[in-house]
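# Geometric and topological summary
The residues making up each chain are set out below.
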Amino acid sequence: MPDADRRDMQEKGFLNHTADKEQQPLPGRSNHTGKLPQAEKKLQEAVCVLLVELCERFTFFGIVCNMILFCTVKLGYHSYQAAMVNMCFVGTSTLTPVLVGWLAEYLVGRIKLVCICMFLHFLGTALLPVVSFPFEDVHIDRRHILHTLPKREQKIVFYFALLTASLGIGGIRAIVCPLSAYSLEDCGLKELLSFFNWFHWLVNLNSAVVFVSISYIQQSVARNLGFLIPFVSGLMAMITIHMVRGEMIYKPRTDSSLLTTFGVIFSALKTCCLRNRYLSVGLASWLDHAKENHGGHYSETQVEGTKSLARLFPLFAFQVLYRTCIMQIPSGYYLQTMNSNLHFSGFVLPVAAMNVISIVPLLILVPILECINSWLFSSKNNGHSPTIYIVVGHLCAALSVLVAGFSEMHRKHFPQVEQTLSQEVLLVSSMPCFHLAPQYILLGVAEALVTPSCSLLSFQLVPERMRGISMHFLALFNGAGCFMGAFFVQTAHAGTQGNWFPHLLHEGKLERFFFFLASLMMVNTLGFWTIAHRY
């Protein structure tokens, strides 16, 4: 295809080939960057990638932190609708890196696509303040001016802004900040686990700052200006990308792709169906039917890589329900907190600030886990497996949702009081919001144990050329968990006429929804425990 070749040749002048094992120096490329020592150059690249990653996460968490409050108070949504919107946005932002990565590889090209995604990111974060108008404190010629949008147009702009922002987030995560850009090819098991632990530690430290600062600004100081902060953060990220684009646009290897993996699977299934050999004893795996010497269309290397990836599918599948439990923090738990007493020593706490309680255990546990891992890897027993962390983390998630159910029952025993949030008077329980802390802490412990371990297994148990595809599949299943959470909320509300996920929590039985989810998560934990020995 001459057009594709021409586009690839044009991009090679811009792309930075950071991994020596995967890329070759380009003829005719300016060598001015070679004056810097190689170690210093790699350090600058890693710092720049990390800064953009933190700016992007700052934008993402700034949008998510008070979306339910905005949807219920400003857009007039019911509680279950606001929870679904929040979970769908998180799920879309999780899935878009997979889509954008495929577009960059096959259709548009990485340089063009990163510019498009930066524009979409800018557009989405710029439109969010438009939705949050009016600015009530604007006065012109002694007249009080209100810049308002009708509800219908406001919702259209809101959804369009969320969609464009999620596409921009996907582009930054997929093209600018993939894990491959951190040059992890030569790292051993101990170094990889340490990297994932500290990487998620930094991301969560960033989110803690967001939940405390932005949530307070949005809720108390200047609620209509709150969405300007994600806009400024996104602008900072785009400026950083523009300034150092030569060092940040990473080009991975192209000898394996998501489409190739799906092609191997479908080819093997097609061959099995045509030959009626689902349980063929002549082949070690049903995926071997996709090999060229068995009537398929793919090479030995491609099929073997897909087989190593297919081994991780059970691990990925058991993360779906776990991710649904984690999504209770910006949905069910948020609603519980919003309907509790937020007053503390004469100060009204931001609703999203309670999320910090789930982050603190992670910030504390990561250094402790680092010490434990160092001791385990330095001892003579090298049979340490991260799966034990995942099992314990899943158990903590199940216990967290169970505790949330009992907390909801406990919350209803307190008399109701009036509470002002975003200049709207709400009738809430007088139970202090800190009574909900145990469920947040348990989910924080679960995240500290599960997320780095899953990332490590997804990265370590596949060949080097398949690592990017493996992380894409992990993202697909995590995104599926977010959408499953929205599906559960919709089903619970519709199936019980709003009783299990009510708009006014004191009029329904939200605890039954939590008990149902906790029972599913307990079964999920037992199921993963039975297969954990495979990893």
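Going by what an unreviewed UniProt entry lists, the protein chain is known as Solute carrier family 15 member 5 and is assigned to Erpornis zantholeuca. Note on the protein chain: under the UniProt heading Function (unreviewed entry), the record states "Proton oligopeptide cotransporter." Regarding the protein chain, the relevant UniProt record gives this comment under Sequence similarities (unreviewed entry): "Belongs to the major facilitator superfamily. Proton-dependent oligopeptide transporter (POT/PTR) (TC 2.A.17) family."

Now for unusual backbone geometry. Among all residues save glycine, negative phi is the norm, and among peptide bonds the norm is trans. Positive phi, close to 55°, is recorded for Gln497, a residue that is not glycine. Among the secondary structure elements, Gln497 is positioned in the loop between helix H17 (467–495) and helix H18 (510–531).

The next subject is the nonpolar core. By size, the foremost hydrophobic cluster in this structure holds 112 residues, and its most contacted members are Phe158 and Leu315. Broken down by element, this core gets its largest block of residues, 11 residues, from helix H16 (residues 437–460). Dropping the residues within four chain positions of it, Leu315 is found in contact with Ile390, Cys454, Leu457, Phe528 and Tyr535.

Okay, the confidence of the model for the protein chain next. Scored by pLDDT, the protein chain comes out at a mean of 77, with 74% of its residues at no less than 70. Long-range and interchain partners of residues 277–281, a stretch whose pLDDT sits below 50, account for five contacts in this model, where long-range means more than four residues apart.

Here H17 contains 29 residues, and its C-alpha end-to-end distance of 41 Å stays within 8% of the 42 Å for a straight helix at 1.5 Å per residue. At the exit of H17 stands Gln497, carrying a positive phi of roughly 55°.

The final tally for this structure, using the stated rule, is 24 aromatic pairs. With a centroid separation of 5.9 Å and 20° between ring planes, the pair formed by Phe60 and Phe89 is classed as stacked. Linking Phe60 in helix H2 (residues 38–64) with Phe89 in helix H4 (residues 79–106), this pair joins segments that are 29 residues apart in sequence. Each member of the pair, Phe60 together with Phe89, is buried. Pairing Tyr333 with Phe514 gives two aromatic rings, centres 5.8 Å apart and planes at 65°, and the pair type is edge-to-face. Note that Tyr333 is positioned in helix H13 (residues 332–338) and Phe514 in helix H18, a separation of 181 residues in sequence. For the pair Tyr333 and Phe514, a shared accessibility class is recorded, and that class is buried. Linked through ring pairs, Phe262, Phe266, Phe313, Phe316, Phe473 and Phe477 together constitute an aromatic cluster.

What counts as what
- Residues numbered from 1 in each chain as written.
- Predicted model: local features only at pLDDT ≥ 70, side-chain atom pairs only at ≥ 80, totals over all residues.
- Heavy atoms only, no water.
- UniProt positions renumbered as here; feature names shortened; annotations may be inferred.
- Helix = DSSP H or I, 4+ residues; strand = E, 2+ residues; numbered from the N terminus.
- Core = buried A, V, L, I, M, F, W, Y, C linked by side-chain atoms within 4.5 Å.
- Buried < 20%, exposed > 50% of the residue type's maximum accessible area, 1.4 Å probe, protein only.
- Contact = heavy atoms within 4.5 Å.
- pLDDT = per-residue confidence, 0-100.
- Expected span 1.5 Å × (residues − 1).
- Phe/Tyr/Trp six-rings, centres within 6.5 Å; stacked < 30°, edge-to-face > 60°.

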